Amino acid sequence: MKIIDLTPELTVPRDGWDRPLVIPKEGGKPVALTRCTTFIDCIEDKSAISDWKSRMTLVGAAKRPTILDVVRQLDPDDPDGKKRLNALAEQAQDISGANTKREKGTHLHTLSEYVDRGEPLPAGTAAKDVLDMAAYMAATVDFEVKAVEKFVVVPELRTGGTFDRLLEYAGPGPDGEHVEGLFIGDLKTGSVAYGALKMAMQLAVYSRGESYDYTRFPVDPADRKAFAAWKKREVSAAEAAQAYTPLQGVSQKWGIIINLPAGSGECTLHWVDLEIGWAAARLALEVRATRSLKGAMLPWVSGLTDAKVA
């Protein structure tokens, strides 16, 4: 495989809620977009992940009981107490090893980019990782990587996000018939037994995005004064439009999931239906709009009104 477009060194500026800040295509000041992963979460059943986090929090607290000594001193109804308790819960989850898989996934993503560039893996790479990368290379031999980690904006949904890969492929499609062209690809390093709809939504949103070149409006978020001034900067429509480039020729029908469970030495490929994913994404837009509706509950009115008394 060969990567045509390498990842830019800079990253898109973000606000305090980690939302990407972009200049609207029609010009104006920077606006915050909902992250793609956050946008599609609204119709996902989170009960399983919520239960898992609760279990891992208990496991972490059992491994480090001193956390409970601090917990006993905090008021869960106090704003500061809530913040401390949230931080302690996250700490307990980390101690339990809940974040290990996520960190391992990030590591494998990095190694996969070496494979995509045709470069040798870093010296000292663990044997299990070498086996995983060998499986990754074998599974993706028919792909040519056109881009890696590219940020796109979907103005229709007011979302922004970064897709893993833009893959060029020619060969059998989901129904066995020949397909060819560009496909959004995503590397998953955990189980894909669940969450197929979410994956289809995510890739569907990316496939309908426009590449946004945030390097046209550079800023160092660490420089608070410069960042504050940047957020107030007005950009003309003509200048803003130059930062947007449509994704030409990218399939909006099919996306590709590359599943490489960490440490398994096995890599499998899966097609995801982006038309189903896009329909669900449009539903997510309605759900998010419905959540902002007001007037679902009104105060009780007791007694006679002035009009009835008159």
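Our subject is the structure listed above.
In what follows, the accompanying structure is described. The structure presented is a predicted model; accordingly, all values stated were derived computationally and were not measured.

**Some points on the layout of surface pockets**
- Considering only enclosed or pocket space, the largest pocket measures out at about 2,400 Å³ in volume.
- Together, 49 residues line the largest pocket, and Ile 49, Arg 102, Lys 188, Gly 190 and Lys 198 are the ones closest to its centre.
- For the lining of the largest pocket, the elements supplying multiple residues, two or more each, are helix H1 (36–40), helix H2 (47–63), helix H4 (79–96), helix H5 (100–117), strand S5 (159–172), strand S6 (178–188) and helix H7 (196–207).
- Considering every element that reaches the lining of the largest pocket, the biggest residue donor is H5, with eight residues.

**A closer look at the packing of aromatic side chains**
- Taken as a whole and judged by the stated rule, the model has 11 aromatic pairs.
- Between the aromatic rings of Phe 143 and Tyr 169, the centroid separation amounts to 5.6 Å while the plane-to-plane angle is 75 degrees, which identifies the pairing as edge-to-face. Note that Phe 143 is positioned in the loop between helix H6 (127–139) and strand S4 (144–154) and Tyr 169 in strand S5, a separation of 26 residues in sequence.
- Look at Phe 151 and Tyr 212: their rings are 6.3 Å apart centre to centre, the planes differ by 70 degrees, and that puts the pair in the edge-to-face class. Here Phe 151, found in strand S4, pairs with Tyr 212, found in strand S7 (residues 210–212); they are 61 residues apart in sequence, far enough to count as distant.
- An aromatic cluster is built from Phe 143, Tyr 169, Phe 183, Trp 254 and Trp 271, whose rings are joined through pairwise contacts.
- We note Arg 117 situated over the ring of Tyr 114; from NZ or CZ to the ring centre the distance is 5.0 Å.
- Lys 231 extends its terminal NZ or CZ atom over the ring of Phe 227, reaching a point 4.8 Å from the ring centre.

**Concerning the pattern of salt bridges**
- All told, the structure shown has 17 salt bridges when counted by the stated rule.
- Residue Asp 15 is joined to Arg 19 by a salt bridge in which the shortest nitrogen-to-oxygen separation is 2.7 Å.
- Its salt-bridge partner being Lys 253, residue Glu 275 comes within 3.2 Å of it at the nearest N-O pair. One end of the pair, Glu 275, is in helix H10 (residues 274–291); the other, Lys 253, is in the loop between strand S8 (244–246) and strand S9 (254–259), and 22 residues separate them in sequence.
- A relative accessible area of 45% places Glu 275 in the partly exposed class.

**What to know about the environment of Asp 94**
- In this structure, Asp 94 sits in helix H4.
- Judged by its relative accessible area of 43%, Asp 94 is partly exposed.
- For Asp 94 and Thr 57, which are 37 residues apart along the polypeptide, the C-alpha to C-alpha distance reads 8.4 Å.
- What Asp 94 contacts, discounting residues up to four positions off in sequence, is Asn 99 and Glu 103.
- A distance of 3.2 Å separates polar atoms of two side chains, one belonging to Asp 94 and the other to Asn 99.

**Description of unusual backbone geometry**
- Backbone geometry at Asp 18 places phi at a positive 65 degrees, although glycine is not the residue there.
- If you trace the backbone, Asp 18 turns up in the segment before strand S1 (21–22).
- You will see that Arg 158, though not glycine, has its phi angle at about 55 degrees, which is positive.
- Along the chain, the position of Arg 158 falls in the loop between S4 and S5.

About the criteria used
Residues numbered from 1 in each chain as written. Predicted model: local features only at pLDDT ≥ 70, side-chain atom pairs only at ≥ 80, totals over all residues. Heavy atoms only, no water. 1 Å grid on protein atoms, 1.4 Å probe; cavity = no way out; pocket = protein on both sides within 12 Å on 5 of 7 lines; lining within 4 Å. Points joined across faces, edges and corners; volume = space filled by probe spheres on them. Helix = DSSP H or I, 4+ residues; strand = E, 2+ residues; numbered from the N terminus. Phe/Tyr/Trp six-rings, centres within 6.5 Å; stacked < 30°, edge-to-face > 60°. Lys NZ or Arg CZ within 6 Å of the ring centre and 35° of its normal. Salt bridge = Lys/Arg side-chain N within 4 Å of Asp/Glu carboxyl O. Buried < 20%, exposed > 50% of the residue type's maximum accessible area, 1.4 Å probe, protein only. Contact = heavy atoms within 4.5 Å. Polar contact = N/O pair within 3.5 Å; in protein donor to acceptor, adjacent residues only side chain to side chain.

Note that every value here comes from positions in space, so none of it alone points to a role or purpose.
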